[in-house]
Amino acid sequence: MGGVIITLDENEAGKRFIELGMKEFAEKMDPYKQVGLNGQLEEGKISEEEYRREVSKKIGREVTFEELQHCWLGYMEIPERNLVTLRNLKKQGYRVILLSNTNPYVSAWVDSEAFSADGHPIGDYFDAMYRSYEAKYMKPDENFFRYVLSQEKIMPEECLFIDDGPRNCCAASELGLFTYCPQNGEDWCDKIYEHLK
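The rules behind the values
The residue count restarts for each chain, going from 1 along the sequence in the order it is written. In keeping with the model being predicted, local features are shown solely for residues with a pLDDT of at least 70 and side-chain atom pairs are shown and tallied solely at 80 or more, while totals for entire chains, interfaces and linings include all residues. Values shown for side chains rest on all heavy atoms present in the structure; no hydrogens or waters enter the calculation. In this scheme, a residue with accessible area under 20% of its type's maximum is buried, one over 50% is exposed, and one in between is partly exposed, where area comes from a 1.4 Å probe on protein chains only. Numbering goes from the N terminus for both helices and strands, where a helix is a DSSP run of H or I of at least four residues and a strand is a run of E of at least two. This arc describes the spread of directions from the helix axis toward the C-beta atoms. Definition of a polar contact: a pair of N or O atoms within 3.5 Å, with one able to donate and the other able to accept a hydrogen when the atoms are protein atoms, and with sequence-neighbouring residues admitted only if both atoms are side-chain atoms. One bridge is not enough; two strands pair if DSSP finds at least two bridges between them. By convention a nonpolar core is built from buried Ala, Val, Leu, Ile, Met, Phe, Trp, Tyr and Cys residues, the set being connected through side-chain atoms within 4.5 Å. What makes two residues a contact is simply this: any of their non-hydrogen atoms within 4.5 Å.

1. Some thoughts on helix 1 (residues 10-20)
So, point 1. Buried residues of helix 1: Ala13, Gly14, Arg16, Phe17 and Leu20, and no others. Taken end-on, helix 1 shows its buried residues confined to a sector of 160 degrees, consistent with a single buried face. Opposite the buried face of helix 1, by more than 90 degrees, sit the exposed residues Asn11 and Glu19.
So, point 2. One side-chain oxygen at the N-terminal end of helix 1 lies 3.2 Å from the backbone nitrogen of Asn11; it belongs to Asp9.
So, point 3. Residue Gly21 follows helix 1 closely and has a positive phi angle near 105 degrees.

Following this line, the structure appears as structure tokens:
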């Protein structure tokens, strides 16, 4: 999701965490795999409520879901061309699956009508979605890929995995998936068809 569908702005997310009083979060932000408390949240080791309580303790005041969501959404910008391409791929008969390291704060937004300019949640663009905090695995853990392959009942060589993280693509490739690694924010909409041949 992040870096491919959504262009990530690490600096804005970091700035928002600093404004909240969480400078150490800003220093540890990673667009590919979060660590510490953020990593525990994204790997499903702690709930959204446990995360909120821990952040509140660190800051010394109660923080709300909305305040934390505002910080996480600092990452997000969605080029419309990406959503158009996802819809086209589905129309052309491809099964389009989301495999993302993410958390409940981001999911609450992407699952709402606020996600796209025309009022559609992210689920409208995918046939299936697998999120790290629900699956209890984070990319590049090979178990995440194996879990999705098993759930989807597909073979690795039938898949094209697209991710802006070289480590994630390397892990997928080692399992036999075809991979394409565009840079964060790169326009991959035409190039994807070269990889699908």
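Resuming the write-up.
2. What to know about the pairing of strand 3 (residues 97-100)
So, point 1. Relative to strand 4 (residues 128-131), strand 3 is paired through 4 bridges, and the arrangement is parallel. Along strand 4, the bridge assignment pairs Ile97 with Ala128.

3. Some details on the nonpolar core
So, point 1. With 39 residues, the main nonpolar core has Ile5, Ile6, Tyr51, Val55 and Phe115 as its most contacted residues.
So, point 2. Elements supplying a minimum of two residues to this core: helix 1, helix 3 (36-42), helix 4 (48-59), helix 5 (65-72), helix 6 (80-91) and helix 7 (104-110).
So, point 3. The dominant element in this core, judged by the number of residues it contributes, is helix 7, at 4 residues.
So, point 4. With residues up to four places along the chain from it excluded, the contact list for Ile6 reads Met1, Tyr75, Met76, Glu77, Ile78, Trp109, Val110, Phe115 and Asn184.
So, point 5. The next biggest cluster of nonpolar side chains, apart from the first, holds 15 residues, and it includes Phe144, Phe145, Cys159 and Phe161.

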